[in-house]
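Chain by chain, the residues:
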Number of protein chains: 2
Amino acid sequence: EVWGKAGQLFSGLLAMNVVFLGCAFISSMIFNGVAITLRDVWIFLSILKLLSLCWTVYYLLGTSRKPHAVLFRDSHAGPVWVRGSLVLFGACSILLKVFRIGYDISHIPCKSQLQILFPCIDILFIGFQVWNFITSSSYSRLSYGWEAGKRGVQMLFPFPRCGLMLTMATDLLLWLLAVTNDTVHREIESSLKGIAALISQVTLFSFLPIGNETSSCPCPNTAICRVFQKGYLLLYPFNTEYCLISCSMLYVMWKNVGRRIAHQHTTHATPKFKLHEVFAGLVLGTCALITGICIFMIYQIQATRSASRQEAFVLYYSYYIVLLPLMTMGALAGTIIHGLEERELDTVKNPTRSLDVILLMGAALGQIAISYFSIVAIVATNPRDLLNRLILTYSVSLIIQHITQNIFIIEGLHRQPLAEDTGPATQHSGPLSDETAMSHSSQEPTPVYPLEIRQEIRTGSHSYTRTCGRLNWKRKALKEISIFLVLCNITLWIMPTFGMHPAFDNGLEKSFYGYSTWFAIVNFGLPMGVFYRMHSVAGLLEVCVSS
Amino acid sequence: EVWGKAGQLFSGLLAMNVVFLGCAFISSMIFNGVAITLRDVWIFLSILKLLSLCWTVYYLLGTSRKPHAVLFRDSHAGPVWVRGSLVLFGACSILLKVFRIGYDISHIPCKSQLQILFPCIDILFIGFQVWNFITSSSYSRLSYGWEAGKRGVQMLFPFPRCGLMLTMATDLLLWLLAVTNDTVHREIESSLKGIAALISQVTLFSFLPIGNETSSCPCPNTAICRVFQKGYLLLYPFNTEYCLISCSMLYVMWKNVGRRIAHQHTTHATPKFKLHEVFAGLVLGTCALITGICIFMIYQIQATRSASRQEAFVLYYSYYIVLLPLMTMGALAGTIIHGLEERELDTVKNPTRSLDVILLMGAALGQIAISYFSIVAIVATNPRDLLNRLILTYSVSLIIQHITQNIFIIEGLHRQPLAEDTGPATQHSGPLSDETAMSHSSQEPTPVYPLEIRQEIRTGSHSYTRTCGRLNWKRKALKEISIFLVLCNITLWIMPTFGMHPAFDNGLEKSFYGYSTWFAIVNFGLPMGVFYRMHSVAGLLEVCVSS
């Protein structure tokens with residue numbers, strides 16, 4: 001335990017130093033582009049990436065030789081959708097880099113050879129990272145490294161932690177660069193060309209990552225270069241998201257190093273979806289999704305014409321004002337039903353879950369901050385036209401929706417998943433049923449719990465299963481609500497991801513706070529908001545399945 | 001436990017909303033001074049202060065009626081120096097407000113009556129808060145509120161937590177306002193008057209908190225007004241520090257609500273200082289302190305004259321470059337001695353201590369960030385003169401010093417305090433000795449520890465006490481090192497607190513990053529650095545006493 005603490009301390013210090021050095025580098029690039037150029041930052045990041053890559057490869061090799069290396073699995077962590085989305089975003093990021101290489105090669109004359117090297121390193125880095133995530137089943141293969149290290153067998157003890165932290169710091173810096181690079185670019189762009197450029201940017205999916213070298217080295221008028229450029233621009237947001245997700249996954253892995261999990265039953269009961277159980281939620285959610293996509297299309301077409309921009313904004317905000325209270329009501333109803341439920345609260349300490357909760361709360365802060373800034377701006381200027389009233393209502397409902405949804409998800413995650421086996425297991429006589437009940441009631445070695453309480457939990461759970469073997473109305477309602485919220489959150493994820501940023505386009509807050517301030521707020525808040533939607537989809541799916 | 005979690009969640013959400021709303025208010029004031037003025041922000045903060053005040057008064061009344069209310073004391077939390085410094089800073093803050101009232105009254109014609117009301121509310125707020133800190137013995141009187149609430153006797157359950165969080169949010173916003181208000185002011189000031197104003201500011205102890213109303217309403221040429229103004233300016237940094245300290249104390253109290261502490265023995269063995277035990281450290285430390293104060297005086301005189309500014313900087317940086325490696329070596333030696341020691345590591349979970357560690361690490365980030373930014377600026381511009389080389393060495397040694405000192409303090413805090421009673425207690429026969437040993441070895445109810453291990457710890461500790469009843473060289477060395485570091489940290493605390501900010505004055509980074517960026521970095525980093533020095537003094541004193 002002592003060595004574990006020391007390892008945490010040293011790897012944490014390592015990450016801190018790397019992140020600060022990287023921040024200083026990136027800030028220098030932003031505020032003093034002459035002394036430190038984007039290329040210097042890329043070289044610095046490439047060194048970090050190569051170091052992380054070495055660690056990942058060494059680690060994969062070290063553990064693949066021992067097929068029995070995976071001693072402990074944290075069955076709570078890394079459900080299939082988290083890993084699925086990671087693979088999806090990783091694949092998109094790799095595709096993005098391929099497009100980037102194509103784009104760079106298609107006008108090689110005015111590019112240095114070095115610039116083609118960077119995306120190649122990126123591809124290797126992302127590829128091995130995703131491979132590591134998939135194979136380190138439920139992020140706990142690393143426990144092995146620590147266990148082995150403690151026995152002095154193979155690895156130096158702080159090695160797994162330091163490697164993880166280094167990779168995490170690299171991902172964090174990549175995210176920071178993506179966010180700020182974008183800021184700078186937009187700033188330069190719009191200060192040069194004004195509103196016209198802004199409108200064209202909106203149609204270009206808003207994120208324009210290619211630096212100001214585009215002006216000095218334009219795309220040759222071939223179809224292939226245009227395709228590469230379009231693809232690159234389209235995929236850019238996915239890369240930003242990928243950095244955030246892999247950061248949080250690495251943090252979970254780091255937390256899990258050396259954690260002992262007593263019950264490594266991988267017989268995690270996987271309850272199946274039954275379509276008829278979630279029909280109403282599915283229909284309502286699909287309606288919301290389809291309407292959302294229509295609104296998105298209309299917005300993208302109308303916002304390019306300055307004549308119909310106002311209408312596009314009214315449409316967008318009206319949609320949100322209808323949808324958000326519905327979601328709030330759903331989450332509130334769900335919270336109340338949770339209170340009425342017979343299922344016991346799972347108060348056993350679970351690091352993965354508390355991390356989930358922290359990430360959920362932390363990611364919500366981005367959108368909440370934007371909303372509060374909007375509210376103050378609108379209340380202070382006190383305009384009386386329709387659009388500003390809509391924005392005010394929208395901001396307030398957004399805050400309420402985030403808070404209620406968070407409470408609903410947190411409540412749901414703290415309920416014990418139900419033992420589905422209503423058959424012979426209810427007799428609780430055989431050792432098998434005993435074991436499964438144990439694995440459900442406690443993921444952790446919990447010597448704090450006396451035997452009687454555990455027994456009580458188990459019998460309680462069993463009697464509940466017996467009486468409510470079929471779905472009662474509460475569980476059905478919870479499933480319906482979760483599915484509805486899942487689809488709504490997907491809708492609200494699609495919109496900002498593909499370049500719908502009315503918070504920036506409507507101009508009210510921009511004129512109130514000034515261009516660059518509002519820009520900084522939106523550019524840090526929005527990616528977090530997008531991440532929040534993704535993360536809450538994962539949480540809601542878990543609530544849906546476990547209820 | 002469930003209600004406790006819910007209380008934490010709700011009070012956390014409350015604080016989050018208040019902080020974001022306040023941030024939006026303060027940002028609006030900064031970036032759009034027309035729509036939202038400083039007065040609006042003061043009104044908003046006064047409302048928060050009054051609410052917090054109501055809670056504090058109600059709480060003090062509610063618990064003072066029950067003399068036996070203090071059921072649980074967290075003897076680890078709130079040592080006498082933390083509370084002492086809190087009282088000192090609180091008193092300074094109240095004095096500051098008194099000066100402010102005097103200053104406002106002395107030119108009442110051009111001030112509104114409302115402006116005199118604000119400092120009055122401040123005085124009440126700070127006074128009751130300090131009173132609450134002192135009487136809520138070791139921050140755990142609040143446990144009572146929670147206990148009572150659970151029994152439904154007197155208080156609604158989330159009430160103590162919400163009150164604490166509201167007060168904490170208010171303090172945080174006050175700190176933010178103090179920091180940013182200063183920023184804005186300096187910016188306006190220097191853009192108006194240029195370098196001349198900056199130099200005069202340095203002599204005015206750098207923190208000029210009185211807004212730009214000074215220009216429209218100058219101090220009448222009476223001695224009393226000048227005295228009030230000087231006193232106000234001199235005491236300003238203390239108020240900033242007070243906000244930070246009370247924030248962290250409130251956070252500790254919030255964490256302690258509802259925590260059960262089994263052994264409420266207030267017979268906390270208070271080891272005495274013996275002068276001869278720490279003689280060498282004291283002498284060395286005092287030398288450093290006196291030299292530091294001399295350097296400080298010379299700097300303050302020389303930096304006002306532009307001819308001798310360069311020399312002042314060289315002097316300042318040379319002093320640091322000599323002192324910091326000494327401190328680093330001391331901390332390293334201490335860490336090695338800790339490793340050699342026979343005292344057991346105290347791995348029992350202790351929320352107060354982990355919080356101490358987090359605060360220490362968090363506060364260090366401010367100075368480390370500044371140093372990294374300096375390093376990148378210097379390396380990128382690559383100047384070859386003496387001063388810049390000094391700054392580079394200074395920044396690097398500052399980072400190393402922070403890290404090594406943190407490791408030393410954390411190691412020291414995790415050592416078990418030694419049972420000092422070498423007399424009859426070593427026979428461990430009586431129930432008294434048994435109890436004291438218990439209270440030393442575990443502050444928490446630790447059912448995780450089986451009886452044998454505890455027995456082992458106890459006998460180990462006793463045998464150690466028996467063999468090393470007198471100070472052996474290791475303990476003596478630890479004491480000497482801690483005292484030396486305490487005095488060094490006090491020196492390094494005095495310098496920035498009373499307005500020595502060469503990081504801002506030397507101009508290198510300012511020209512590299514641009515005025516406002518470097519200003520923001522320094523203005524957020526420096527107060528944290530000052531807080532770090534204070535906090536590490538407290539930590540080092542604890543290490544010194546317990547070793």
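Residues numbered from 1 in each chain as written. Chains lettered and ligands numbered in written order. Predicted model: local features only at pLDDT ≥ 70, side-chain atom pairs only at ≥ 80, totals over all residues. Heavy atoms only, no water.

An unreviewed UniProt entry lists chain A under the name Otopetrin 3, with Pelusios castaneus given as the organism. The UniProt entry for chain A carries this comment under Sequence similarities (unreviewed entry): "Belongs to the otopetrin family." (UniProt positions renumbered as here; feature names shortened; annotations may be inferred.)

Draft legend 1. Up close: the overall build of chain A. Of the regular secondary structure elements, chain A holds 19 helices and zero strands. Counting the 547 residues in chain A, one finds 59% classified as buried. Taking as baseline every contact in chain A between residues at least 6 positions apart, the subset at least 24 positions apart corresponds to 87%. Of the accessible surface of chain A, which amounts to about 22500 Å², a share of 69% is contributed by carbon and sulfur atoms. (Helix = DSSP H or I, 4+ residues; strand = E, 2+ residues; numbered from the N terminus. Buried < 20%, exposed > 50% of the residue type's maximum accessible area, 1.4 Å probe, protein only. Contact = heavy atoms within 4.5 Å. Areas by Shrake-Rupley, 256 points an atom, 1.4 Å probe, with all protein chains shown as cover.)

Draft legend 2. Inspection of helix α13 (residues 386-413) of chain A at higher detail. Taking 1.5 Å per residue, 28 residues should reach 40 Å; α13 of chain A reaches 40 Å between its end C-alpha atoms and fits that length. Of all 28 residues that make up α13 of chain A, 21 are buried, and the element is covered over most of its length. (Expected span 1.5 Å × (residues − 1).)

Draft legend 3. Just the state of the cysteines, in detail. All names here are of chain A. Going through the model one piece at a time under the given rule, you end up with zero disulfides over all chains. This cysteine, C247, is not joined by any disulfide, and C243 carries the nearest cysteine sulfur, 7.4 Å off. By relative accessible area, which is 7% here, C247 ends up buried. (Disulfide = S-S within 2.5 Å.)

Draft legend 4. Here's a closer look at the interface of chain A and chain B. With 37 residues of chain A at the interface, the matching set in chain B holds 38 residues. For the chain A and chain B pair, buried surface summed over both sides reaches about 3500 Å², with 80% attributable to carbon and sulfur atoms. Looking at the side of chain A that touches chain B, the elements that each hand over two or more residues are α1 (2-31), α12 (351-381), α13 and α18 (508-513) of chain A. In terms of residue count, the dominant contributor to the side of chain A that touches chain B is α1 of chain A (14 residues). In the side of chain A that touches chain B, the residues fall into 29 nonpolar, six polar and two charged. (Buried area = accessible area lost by both parts, 1.4 Å probe. Nonpolar A, V, L, I, M, F, W, Y, C, P; charged D, E, K, R; others polar.)

Draft legend 5. Structural view of the packing of aromatic side chains. The tally for this structure, following the rule as stated, stands at 38 aromatic pairs over all chains. Ring centres 6.1 Å apart and planes at 85° place the aromatic pair W175 of chain B and F524 of chain B in the edge-to-face group. Of this pair, W175 of chain B sits in helix α6 (residues 159-193) while F524 of chain B sits in helix α19 (residues 515-546), and the two are 349 residues apart along the sequence. Overall, F524 of chain B belongs to the partly exposed group, its relative accessible area being 34%. Relative to Y320 of chain B, the ring of Y316 of chain B has its centre 4.7 Å away and its plane inclined at 40°; by these criteria the two rings are tilted. Linking Y316 of chain B with Y320 of chain B, this pair stays in helix α11 (residues 309-340), spanning four residues, or about one helical turn. Comparing Y316 of chain B with Y320 of chain B shows no difference in burial state: the two are buried. Taken together, the ring pairs in this structure connect Y299, F313, Y316, Y317, Y319, Y320 and Y394 of chain A into an aromatic cluster. (Phe/Tyr/Trp six-rings, centres within 6.5 Å; stacked < 30°, edge-to-face > 60°.)

Draft legend 6. Inspection of the relation of the copies chain A and chain B at higher detail. After a rotation of 180° and a shift along the axis of 0.0 Å, chain A superposes on chain B with an RMSD of 0.0 Å. Here the symmetry operator amounts to a two-fold rotation axis. A share of 100% of the interface residues of chain A reappears at the interface of chain B, consistent with the copies meeting face to face through the same patch. (Least-squares fit on C-alpha atoms with pLDDT ≥ 70 in both.)

Draft legend 7. How the structure looks around a nonpolar patch on the surface. Residues and elements named next belong to chain A. A cluster of nonpolar side chains, contributed by I43, I47, L51, L114 and L117, occupies part of the molecular surface with about 400 Å² of accessible area. For the nonpolar patch, the secondary-structure elements that each account for two or more residues are α2 (38-64) and α4 (114-135). Ranked by the residues each element gives to the nonpolar patch, the list is headed by α2, at three residues. Considering the arrangement of structural elements, one finds I43 in helix α2. (Patch = residues over 30% accessible without salt bridge, like charges linked within 9 Å, V, L, I, M, F, W, Y side chains within 5 Å. Salt bridge = Lys/Arg side-chain N within 4 Å of Asp/Glu carboxyl O.)

Draft legend 8. Structural view of the packing of helix α10 (residues 279-302) of chain B against α11 of chain B. Residue and element names in this part refer to chain B. In contact at an axis separation of 9 Å, α10 and α11 are set at 165° when each is read in the N-to-C sense. Between α10 and α11, the interaxial angle falls into the category roughly antiparallel. Between α10 and α11 lies a crossing whose hand is left-handed. Two secondary-structure elements touch here, α10 through A288, T291, G292, I295, I298, Y299 and Q302 and α11 through R309, E311, A312, F313, L315, Y316, Y319 and L323. By residue class, the composition of the contact of α10 with α11 is ten nonpolar, three polar and two charged. (Axes fitted to C-alpha atoms, helices over the stretch in contact; angles between N-to-C directions. Parallel < 35°, antiparallel > 145°, perpendicular 65-115°, else oblique. Left-handed = near helix turned anticlockwise from the far one by under 90°.)

Draft legend 9. Structural view of the side chain of N132 of chain B. Position of N132 of chain B relative to the elements: it lies in helix α4 (residues 114-135). When near neighbours in sequence (up to four residues on either side) are disregarded, N132 of chain B contacts W55, T56 and L60 of chain B.

Draft legend 10. Inspection of the pattern of salt bridges at higher detail. Residue and element names in this part refer to chain B. All chains considered together, the criterion is met by ten salt bridges over all chains. Across the pair K49 and D122 runs a salt bridge, and its minimum N-O distance is 2.2 Å. Taken as a pair, K49 in helix α2 (residues 38-64) and D122 in helix α4 lie far apart in primary sequence, 73 residues in all. For the pair formed by K49 and D122, the shared burial category is buried.

Draft legend 11. Broad picture of a positive patch on the surface. On the surface, K5, K255 and K349 of chain A together with K5, K255 and K349 of chain B cluster together into a positively charged patch. If you trace the backbone, K5 of chain A turns up in helix α1. (Lys, Arg positive; Asp, Glu negative; His and termini not counted. Charge placed at Lys NZ, Arg CZ, Asp CG, Glu CD.)

Draft legend 12. Looking closely at the packing of helix α16 (residues 473-497) of chain A against helix α19 (residues 515-546) of chain A. Residue and element names in this part refer to chain A. One can describe the packing of α16 onto α19 by two numbers: an axis separation of 9 Å at closest approach and a directional angle of 160°. One finds that α16 runs roughly antiparallel with respect to α19. With respect to the hand of their crossing, α16 and α19 are arranged in left-handed fashion. From α16, K479, S482, I483, L485, V486, N489, I490, L492, W493, P496 and T497 reach across to α19, where they touch L526, V530, R533, M534, S536, V537, L540, L541, V543, C544 and V545. Broken down by class, the residue content of the contact of α16 with α19 amounts to 16 nonpolar, four polar and two charged.

Draft legend 13. The arrangement of helix α9 (residues 223-256) of chain A in detail. Residues and elements named next belong to chain A. The terminal C-alpha atoms of α9, which comprises 34 residues, lie 49 Å apart, in line with the 50 Å expected from a rise of 1.5 Å per residue. Remark: the principal bend of α9, roughly 40°, maps to L235, with a proline, P237, within the next four residues. Buried residues dominate α9, accounting for 26 of its 34 residues. (Bend = angle between axes of the 7 residues up to and from the residue.)

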